[in-house]
Amino acid sequence: MTFEIFMQQLANGISIGSLYALIAIGYTMVYGILRLINFAHGDIFMMASYFMVFSMVNFGLPWYVSMVIVIIATILLGVLVEKTAYKPLRNAPRMSIMISAIGVSFLLENLATYLFTGVPKGFPDIAILTQAISFGNISFSVATLVTPIITLILLYVVQFITNKTKIGMAMRASSIDFETARLMGININRVISTTFVIGSGLAAVGAILWGSKYPSVMPLMGVMPGLKCFIAAVLGGIGNTTGAVLGGFILGMAEIMLVTFLPSLTGYRDAIAFIILIVVLLVKPTGLLGEKVTDKV
Amino acid sequence: MLEIKNLHVNYGGISAVKGINMSVPEKSIVTLIGANGAGKSTTLRTIAGLVKPSSGEIIFQGENITGKDTIDIVAKGITLVPEGRRVFANLTVLENLKIGAYLRKESIEDSIKNVFDLFPRLKERSWQLAGTLSGGEQQMLAVGRALMAKPKLIMMDEPSLGLAPLIVNGIFDIIKEINKLGTTILLIEQNANKALKVADYGYVLETGKITMEGTGLELLKNEKVKDAYLGSSKK
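Residues numbered from 1 in each chain as written. Chains lettered and ligands numbered in written order. Predicted model: local features only at pLDDT ≥ 70, side-chain atom pairs only at ≥ 80, totals over all residues.

(A) Focus on the overall build of chain B. Across its full length, chain B holds ten helices and ten strands. For 235 residues, the compact-globule estimate of 2.2 N^0.38 gives 18 Å, and chain B sits close to it at 17 Å. Across the 235 residues in chain B, those meeting the buried criterion constitute 45%. Counting contacts in chain B only where the partners sit at least 6 residues apart, residues at least 24 apart contribute 64% of the total. (Helix = DSSP H or I, 4+ residues; strand = E, 2+ residues; numbered from the N terminus. Rg over C-alpha atoms; globule rule 2.2 N^0.38 Å. Buried ≥ 20, exposed ≤ 12 C-beta atoms within 10 Å, placed from the backbone. Contact = placed C-beta atoms within 7 Å.)

Next comes the structure, spelled out in structure tokens:
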């Protein structure tokens, strides 16, 4: 293997890793507050891809307008899912809300199949993201280069919101004790909605960048990234946003390096995520940056 | 200031509070004593809006607040220091205080200073995570946090629970101090002796019903109270 190929793959690994990271933040934040694995999160990501297709292909809007529309529409969808499928179960056992999340996931997948058919649609070409740039013999798309940068900026924004703002403080308080948070006058429902706004918004950004790399949009396209990003969140320590990003990078890198160094095992690319999950659960169930979990009373 | 009329509360099919009447006059300390499971906590939680009553009325400053949302009740000036302190362990001491003033829009610097004057220990530890504080310090923080809302009425659920005797004395001194500064206090205690000593008026709650009431001093001298709650038998 040449140095060029290695560098190329390194860039790929970082780029795919940061895509995982963006989606993993959504899982980890929702888990942090609701102790819910939001199985519908991958499908929210899928819907965001379709929104982009409709906005650019069907309505012919320019990419920058579409981006804003897609982010807003995805946020609305995420909040709608929370309000209709999770909020009514606020006082139900945790298993009920988890089943509800799985239900929403199937609903979105089948709704997309019914409405948009299972035939893959082409993701619109955003020239500014897909054009190639080259350094010597190494060339990659602008998307590959900007994805990690966007991810790190958004991670910083999320960290700023959770650590420096009033609503962020309410989010951290609510994440350990709903009832006492209410006694402080915190509106729990608003805190939870904010969490879904952030998570869905990041999933929308992830979908736009993903589409520039893998331009094929299908109803089940969210399943595998969804599972992998959930694993990334567990690997980093679920509930911890920095951990989610770290987990995403590690997972992306592990996948690409497997393909690079052991090309004969390329078919196992998806399996590596699950192997990592099993190892994490056996060796360090709290994840890399996760703290000891004390269950809510 | 606070009037409770014929309050009934059911908790998971069991009636925990069976028609109690009590009143908390402005600027007083009123205590509610009783054994485990008598319905003390349920009463406070119902006033705070965490539990909905099945019947009865809760009147605060002439306004019916029965069954209102906790946020509205906090906004009206009632705060609860919950049992077991329940400080936010993952937030710093200062953040815990700030979150106590969550509904306040104006500057809270003065209130923070007041709390630090009352509890100098909290000032020393303001950057520490609340989870690293000792039990007594956490109780101070829980009380300080409740004060940050500038409440008219503070309800305290077993503030002395699980604390060393010396610390318990400190907590009761603080309760008197806060009261002197003009805040009305409704106190729940298993430590009936201490509670009745600081209280202007007391109620004895047994299995959801008020069985005795009187000034703190009257109850302290009452033989039945002595027998059941003060551990000093007449024999």
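(B) Spotlight on the overall build of chain A. Within chain A one finds twelve helices and four strands. A globule of 297 residues ought to have a C-alpha radius of gyration of about 19 Å, and chain A, at 19 Å, matches this closely. The principal-axis extents of the C-alpha atoms in chain A amount to approximately 60 × 50 × 35 Å. Expressed as a percentage of contacts within chain A between residues at least 6 apart in sequence, the contacts between residues at least 24 apart total 75%.

(C) Representation of the pairing of strand 4 (residues 55-60) of chain B in the model. Residue and element names in this part refer to chain B. Sheet topology places strand 1 (residues 2-11) next to strand 4; five bridges connect them, and they run antiparallel. Looking across to strand 4, one finds that Glu 3 is bridged to Ile 59. Alignment of strand 4 against strand 5 (residues 63-64), held across two bridges, turns out to be antiparallel. Looking at strand 5, one finds that Ile 59 is bridged to Asn 64. (Pairing = 2+ DSSP bridges.)

(D) Examining the sheet that holds strand 10 (residues 209-215) of chain B more closely. All names here are of chain B. Taken in spatial order, the six strands of this open sheet run 6-7-8-3-9-10, and their pairing is mixed. The open sheet has two edge strands with one neighbour each: strand 6 (78-81) and strand 10. Averaged over all adjacent pairs, the angle separating strand axes in this sheet is 15°, with direction ignored. Pairing between strand 6 and strand 7 (residues 153-157): four bridges, direction parallel. In the strand pairing of strand 7, Val 81 is matched with Met 156. (Axes fitted to C-alpha atoms, helices over the stretch in contact; angles between N-to-C directions.)

(E) Structural detail: the interface of chain A and chain B. At the junction of the two partners, chain A supplies 14 residues and chain B supplies 20 residues. At the level of elements, helix 7 (166-176) and helix 8 (178-183) of chain A are the ones that each hand at least two residues to the side of chain A that touches chain B. Grouping the constituent residues of the side of chain A that touches chain B by class yields seven nonpolar, three polar and four charged. (Nonpolar A, V, L, I, M, F, W, Y, C, P; charged D, E, K, R; others polar.)

(F) Region of interest: the sheet that holds strand 1 of chain B. Overall, antiparallel pairing links the four strands, which are arranged 2-1-4-5 (chain B) in an open sheet. Pairing within the sheet leaves two strands with one partner each, and these edge strands are strand 2 (14-24) and strand 5 of chain B.

(G) Local environment of helix 10 (residues 223-236) of chain A. All names here are of chain A. Under the 1.5 Å per step criterion, the end-to-end length of helix 10 is 20 Å for 14 residues, consistent within 8% with the ideal 20 Å. Burial runs high along helix 10: eleven of the 14 residues are buried. By the burial criterion, the buried members of helix 10 are Pro 225, Gly 226, Lys 228, Cys 229, Phe 230, Ile 231, Ala 232, Ala 233, Val 234, Leu 235 and Gly 236. Looking at the packing, one finds that the buried side of helix 10 touches helix 1 (3-34), helix 2 (41-58), helix 11 (241-261) and helix 12 (271-283). (Expected span 1.5 Å × (residues − 1).)

(H) Representation of the packing of helix 3 (residues 63-86) of chain A against helix 4 (residues 94-116) of chain A. Residue and element names in this part refer to chain A. Their axes nearest at 10 Å, the elements helix 3 and helix 4 cross at an angle of 130°. When the axis of helix 3 is compared with that of helix 4, the two are oblique. The chirality of how helix 3 crosses helix 4 is right-handed. Residues Val 81, Ala 85 and Tyr 86 of helix 3 form the contact with helix 4, whose own contacting residues are Ile 97, Ser 100 and Val 104. (Parallel < 35°, antiparallel > 145°, perpendicular 65-115°, else oblique. Left-handed = near helix turned anticlockwise from the far one by under 90°.)

(I) Fine view of the pairing of strand 9 (residues 201-206) of chain B. All names here are of chain B. Looking at chain direction, strand 3 (residues 29-33) and strand 9 are connected through four bridges and run parallel. For Ile 33, the partnering residue across the bridge sits in strand 9 and is Val 204. Sheet topology places strand 9 next to strand 10; six bridges connect them, and they run antiparallel. Note that in strand 10 the partner of Glu 206 across the bridge is Lys 209. In textbook terms, the turn of a hairpin is the stretch between consecutive antiparallel strands, and for strand 9 and strand 10 this stretch comprises two residues, one of which, Thr 207, has a positive phi near 35°.

(J) Quick peek at unusual backbone geometry. The phi dihedral of Thr117(A) is positive, around 60°, even though this residue is not glycine. Following the sequence through the fold, Thr117(A) ends up in the loop between helix 4 and strand 1 (121-122). Here Thr117(A) falls in the exposed class, since 11 other C-beta atoms lie within 10 Å of it. Here the phi dihedral of Glu158(B) falls at roughly 50°; this positive angle occurs in a residue that is not glycine. Examined against the element boundaries, Glu158(B) turns out to sit in the loop between strand 7 and helix 7 (165-180). Residue Glu158(B) is classed as buried on the basis of its 22 C-beta neighbours within 10 Å.

(K) Region of the structure containing the confidence of the model for chain B. Across chain B, pLDDT averages 90, with 98% of residues at or above 70. In the predicted assembly, ipTM is 0.90 and pTM is 0.90. (pLDDT = per-residue confidence, 0-100.)

(L) Examining the environment of Ala164(B) more closely. Position of Ala164(B) among the secondary structure elements: in the loop between strand 7 and helix 7. Residues Ala164(B) and Asp227(B) lie 63 residues apart in sequence; the distance between their C-alpha atoms is 24 Å.

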